[in-house]
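Chain by chain, the residues run as shown.
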Amino acid sequence: MDLSQALATFFDESRDLLADMERILLRAESDALEGEEMNALFRCAHTIKGSAGLFGLDPVVRFTHEVETVLDRLRQGELAFTPALVGLLLEARDHMAALVAAATAGGEAPPAPALLDGLRAAGGGARPADLPATVAAPLVAVEASGGGPLGNDCWHLSLRFEREVLQSGFDPLAMIHFLGSLGTVVHLETVADMLPDLAALDPELCYLGFEVALKSGASKAEIEGVFEFVLDQARITILPPHSRLDDFLALIEESGEDKFRLGELLVACGSVTEHELARALAAQQEAAPPVRLGEMLVGQGAVQPALVDAALAQQKKVEERRSSEAKSMKIPADRLDALIDQVGELVIAGAATQLQAKRANQRELQEAASNLLRLVEDVRDSALRLRMTPIGEVFGRFPRVVRDVARELGKDIELAISGADAELDKSMVERIGDPLMHLVRNAIDHGIEPPERRTAAGKPARGTVSLNAYHESGSIVIEVADDGGGLNSERILQKAIAKGLVAADASLAPADIHRLILEPGFSTAEQVTNLSGRGVGMDVVKSNVEALRGTLDIDSRPGQGTTMRICLPLTLAIIDGFQVGVGLATFIVPLDTVVECIELPAGAAGADYLNLRGEVLPFLRLRRVFAVAGDEPLRQNIVVVRFGGRKAGIAVDRLFGECQTVIKPLGRLFSGVSGISGSTILGSGEVALILDVAQLVHGAALPAGTKVPTPAPAA
């Protein structure tokens, strides 16, 4: 039997469960967990252990069992969350992740004996001095149902027989004696409140009731079976031992989706027998006004309210899960990628069809081609939406990072997350994680000041790092902000002059000074730490962001903090483009960057700037940038583009208009060419290059005194 597919599902689900564990544990560090959250935390470990056992992943099972023991003590109130215990459980969660990852790769994770000892001590073994102290277990109030107290390890049987039971040939005392075959009758108390005066007493009638404490490992159904023949002539109430309540609750939580109705759940866990359920259902049908089944069972003393509540909660959970699963389904990423590729080819074929229709100059054919292209655009949009994923998938990694790094640096830092539901392409979500990680760690290390310095500056001792995402003009903007001291512009400029990055007499705007930290090897840190200071990182962040066709802007204010703003396109696969021509070459400008098109003024020959309605607009000539052969035409056009808050112009020979653009990667030979981000195939079958507007705008608007990228040769 091939279990590889099921195993892959287990690995996927384990990662989700481990992420949930981390989220709940981090919350436990600052807030008291509610009962459902505590149960969810326990379920994460329990599910991983159980599923790992199915696949024979013994290392995962053995270690998770120790974690589960500690979580169970927390759930029972025998332990309380402390920073030390949360830290221990977070380490345990990391080791579980390592064990699962090792199982995924077919290897073995290194043992963690110290961690295991800590878990065993917290789970009830020997207690090292540094482990958290236990708290006294709270007294649990247990309801009685017409008989003696509950809360011990005995079943409690409350027996009330009809008076005629003896006349029917049944002896209650004999049945009570038979209970001894299932265990030990620890206590028997006779209830004689129905006993009449001696003169009125009929020796053939039963006036007595019994309260029995039975110590037994038998199930409720087995105990009820002793009274099987008198169930119609008696009221038998069987309440489980206190220890069994936890078992019943656990069984309810672990029940599958095949048991959905309340009665099924309670019978399946053994807390209610079939007879009790049938009796309650019959009574429910006759009840007026209507009574809920749970209330009926509790009223009849068949089950404790806590079990009914747990069963109802499980019922609701299954209902929500079914509802959720009905709305979504998992699809392997490679199938989705294949679909996007096919849609891309469909887009190219649609464009080719429309082109041929225009050349044929037949009106009916042109209309049919237009309709086809419209449908292709709809299919394209629908297919691309399938790849969209919330950015929260990445943001979820950072609460743990902020916690650990802040503790390492001795800082008190809060992470504020907003806009986690903003969506972007899944491949981009996977690739933006590392740049964001670097920015967050930089914000903690360099941005947020030590508590004493913040207090002296009149700020709260606790700093804040913010992650925010939102959509803007067809792009997604991701901000990493801190309320620290801000960038030191003077020190950055002096360092840049010393490194020869800018001229000593250069006059730079604050924003341009701040961008100097994106240069390779640039650092103003006085000390090299484990986190930063070597000048490696920000240039990599910039490169990674630009590889995603995005931009990185910096907004920093002295004493108030710094905001790193990343602007990314929503998708990497297919975009709306604007087709332009220079000589015999065709280029594509991403449409979301195009502001307007104007004719190049006749007097602008040789100039790099023009007056755009009173605004100075720098522009570059695409023919010169790519050394395109041929003479410039008499009339040229300017495509005005905007990127990252900057505006610039691109001079081209011809404007062809909008087109759908399927982005094809550049080969290794062209990967280093400046100003080009990719290629595409036109409807005519020709290859067109997609302009890297971010790089071109930066080159056109580069301040004097800074280095300008060398123009690339013609592609």
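Per an unreviewed UniProt entry, the recorded name for the protein chain is Chemotaxis protein CheA, and the organism is Azospira restricta. According to UniProt, the comment filed for the protein chain under the heading Function (unreviewed entry) is "Involved in the transmission of sensory signals from the chemoreceptors to the flagellar motors. CheA is autophosphorylated; it can transfer its phosphate group to either CheB or CheY." The annotation that UniProt attaches to the protein chain under Catalytic activity (unreviewed entry) is "ATP + protein L-histidine = ADP + protein N-phospho-L-histidine."

> How should the overall build of the protein chain be read in this particular structure?
When you go through the protein chain residue by residue, the secondary structure sums to 23 helices and 21 strands. Classification of the 715 residues of the protein chain by burial places 44% in the buried group. Intrachain contacts of the protein chain at a sequence separation of at least 6 include 68% that bridge at least 24 residues. For the protein chain, the computed accessible surface area is about 36400 Å², with 53% contributed by carbon and sulfur atoms.

> I'm lost on a nonpolar patch on the surface in this one. Help?
Side chains of L195, L198 and L201 sit close together on the surface and give an oily, nonpolar patch of about 300 Å² of accessible area. Among the structural elements, L201 can be located in the loop between β2 (183–191) and β3 (209–216).

> Explain the sheet that holds strand β4 (residues 234–239) here, please?
By definition, the strands of a sheet pair up through backbone hydrogen bonds, in either a parallel or an antiparallel sense. Spatial ordering of the open sheet is given by β2-β3-β1-β4, a layout of four strands whose pairing is antiparallel. Looking along the sheet, the strands with just one partner apiece sit at the ends: β2 and β4. Shown here is a sheet whose adjacent strand axes are inclined to one another by a mean of 15 degrees, direction ignored.

> I'm lost on unusual backbone geometry in this one. Help?
A negative phi angle is the norm for most residues apart from glycine, just as the trans form is the norm for most peptide bonds. One non-glycine residue, N361, lies in the positive phi region at around 55 degrees. Secondary-structure assignment places N361 in the loop between α13 (333–360) and α14 (363–386). In this structure N361 comes out as exposed when scored by relative accessible area, which is 62%. Within the chain, A627 stands out as a residue other than glycine whose phi angle is a positive 50 degrees. Its place among the elements puts A627 in the loop between α22 (622–625) and β17 (637–643).

> Honestly, the nonpolar core in this entry has me stumped. Any pointers?
The tendency in soluble globular proteins is for nonpolar side chains to be buried side by side. One finds I391, I432, L436, I478, I566 and L568 to be the most contacted residues of the largest nonpolar core, which totals 48 residues. At eight residues, the largest contribution of residues to this core is made by helix α17 (residues 426–447). Setting aside residues no more than four positions away along its own chain, I566 makes contact with I432, L436, L439, I476, V477, I478, V545, T551 and L552. Formed by 41 residues, the second largest nonpolar core is a distinct cluster that contains V60, L71, V86 and A109.

> Looking at this structure, I do not really get the UniProt feature "modified residue: Phosphohistidine" (unreviewed entry) in the protein chain. What am I missing?
Mapped onto this numbering, the UniProt entry annotates "modified residue: Phosphohistidine" (unreviewed entry) at H46. Tracing the chain through its elements places H46 in helix α2 (residues 35–54). Judged by relative accessible area, H46 falls into the partly exposed class, the value being 23%.

> Where do I start with helix α21 (residues 538–547) in this structure?
Structural remark: α-helix, 3.6 residues per turn; residues separated by three or four positions point the same way. Within the span of α21, buried status applies to M538, D539, V541 and V545. Angularly, the buried residues of α21 cover 155 degrees about the axis, an arc narrow enough to put them on a single face. Looking at the buried side of α21, the elements it contacts are α17, β10 (551–557) and β11 (561–569). Within two residues after α21, R549 carries a phi angle of roughly 60 degrees, on the positive side.

> I keep staring at the sheet that holds strand β9 (residues 475–482) and nothing clicks. Help me out?
Spatially, β6-β8-β9-β11-β10 is the arrangement adopted by the five strands of the open sheet, whose pairing is mixed. Here the strands that pair on one side only, and so sit at the sheet edges, are β6 (413–418) and β10. When the angles between neighbouring strand axes are averaged without regard to direction, this sheet yields 15 degrees. Examined bridge by bridge, β10 and β11 share seven bridges and lie antiparallel to one another. Bridging across to β11, S556 finds its partner in T562. Of the strands in this sheet, β6 and β8 (463–472) touch helix α16 (residues 398–409), which is tilted by about 165 degrees from β6. Contacts from α21 reach β10 and β11, with the element oriented near 135 degrees to β10.

> So what exactly am I meant to see when it comes to the side chain of D692 here?
Looking at where D692 falls in the secondary structure, it is placed in the loop between β21 (687–691) and α23 (693–700). Apart from residues no more than four positions distant in its own chain, D692 is found in contact with G675, I676 and S677.

> Mind showing me how you'd approach the packing of helix α3 (residues 58–75) against helix α4 (residues 83–105) here?
A packed helix pair is summarised by two numbers, namely the angle formed by the two axes and the spacing between the axes. Taken N-terminus to C-terminus, the directions of α3 and α4 make an angle of 155 degrees; their axes are 10 Å apart at the nearest point. Relative to α4, the element α3 lies roughly antiparallel. Between α3 and α4 lies a crossing whose hand is left-handed. Residues P59, V60, F63, T64, V67, V70, L71 and L74 of α3 form the contact with α4, whose own contacting residues are L85, L89, A92, H95, M96, L99 and V100. Counted by class, the contact of α3 with α4 contains 13 nonpolar, two polar and no charged residues.

> I'm lost on the pairing of β8 in this one. Help?
Every other side chain in a regular strand lies on the same face of the sheet, so the side chains alternate between the two faces. Summarising the sheet, β6 and β8 pair through six bridges and their orientation is parallel. Paired with I413 across the bridge in β8 is G463.

Basis of the calculations
- Residues numbered from 1 in each chain as written.
- Predicted model: local features only at pLDDT ≥ 70, side-chain atom pairs only at ≥ 80, totals over all residues.
- Heavy atoms only, no water.
- UniProt positions renumbered as here; feature names shortened; annotations may be inferred.
- Helix = DSSP H or I, 4+ residues; strand = E, 2+ residues; numbered from the N terminus.
- Buried < 20%, exposed > 50% of the residue type's maximum accessible area, 1.4 Å probe, protein only.
- Contact = heavy atoms within 4.5 Å.
- Areas by Shrake-Rupley, 256 points an atom, 1.4 Å probe, with all protein chains shown as cover.
- Patch = residues over 30% accessible without salt bridge, like charges linked within 9 Å, V, L, I, M, F, W, Y side chains within 5 Å.
- Salt bridge = Lys/Arg side-chain N within 4 Å of Asp/Glu carboxyl O.
- Pairing = 2+ DSSP bridges.
- Axes fitted to C-alpha atoms, helices over the stretch in contact; angles between N-to-C directions.
- Core = buried A, V, L, I, M, F, W, Y, C linked by side-chain atoms within 4.5 Å.
- Arc of directions from axis to C-beta.
- Parallel < 35°, antiparallel > 145°, perpendicular 65-115°, else oblique.
- Left-handed = near helix turned anticlockwise from the far one by under 90°.
- Nonpolar A, V, L, I, M, F, W, Y, C, P; charged D, E, K, R; others polar.

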